[in-house]
Amino acid sequence: VVFDWEDTYHNEKIRKDIFFVSDDPYYPMAGNIRTLKEFYSSFYDLDEDIYQKTIKLFNLEENKAISSFSKGMKRQTMLLFALAAKPKLLLLDEHTAALDPKTADKVLELTNRIVEENGLTCLMITHNMQTALESGNRLLMMNEGKILLDLNQEEKEKLSIDDLRDLFRKKSSRELDDERMILSK
């Protein structure tokens, strides 16, 4: 993987510029936010001011076991570290999947704010077409590892979910069969 024209393999300087939020993040069984902070501090120069502000914003308890957190709280915990790490590139893999609609909206709103306020480059992977249309300034639709559509902000704003489904059908010669890709909020 190349980032900023440099190979990321064994390149700590470059890897500090990238933060990945998985759809199913790993947390130590007995861990809490403080232990995660120690862990992430070994890889990133966490901004203490951003960390403290975000803890308050999310109303997260640093000493509470992460295993007792809801999925939404776990996603917020990962966004806490993503923000405090101040990466140049934020990778989000289905970071709102399996969340209730209210929590997903809150996490998306915060994600969009974090990206905009900090001028981050963000690659968000989602199967929710409404989210894809509403988030970011570019939309790539892929199928079987190939890019079918590459739309800028202006092009995205003119489309509906039905339009995306039709474009997918035309470009791939197949139907979208996954309900969660088609349904809106």
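Residues numbered from 1 in each chain as written. Predicted model: local features only at pLDDT ≥ 70, side-chain atom pairs only at ≥ 80, totals over all residues. Heavy atoms only, no water.

A. The arrangement of the pairing of strand β4 (residues 89-93) in detail. Of the pairings in the sheet, the one linking strand β3 (residues 18-21) to β4 comprises 4 bridges and is parallel in character. Bridge pairing in β4 places F19 opposite L90. Relative to strand β5 (residues 121-125), β4 runs parallel, the two sharing 5 bridges. Directly across from L91, in β5, lies its bridge partner L123. With respect to chirality, the unit in which β4 leads through helix α5 (residues 101-118) into the neighbouring parallel β5 is right-handed. (Pairing = 2+ DSSP bridges. Helix = DSSP H or I, 4+ residues; strand = E, 2+ residues; numbered from the N terminus. Right-handed = clockwise from strand over helix to strand, strands pointing away.)

B. Representation of unusual backbone geometry. Here N59, not a glycine, exhibits a phi torsion of approximately 55°, which is positive. Here N59 shows up in the loop between α3 (48-58) and α4 (71-84). Classification of N59 by relative accessible area gives exposed; the value is 66%. Phi is positive for K86, close to 50°, though the residue is something other than glycine. The residue K86 is located in the loop between α4 and β4 in this model. Of the residues examined, K86 reaches a relative accessible area of 48% and is grouped as partly exposed. (Buried < 20%, exposed > 50% of the residue type's maximum accessible area, 1.4 Å probe, protein only.)

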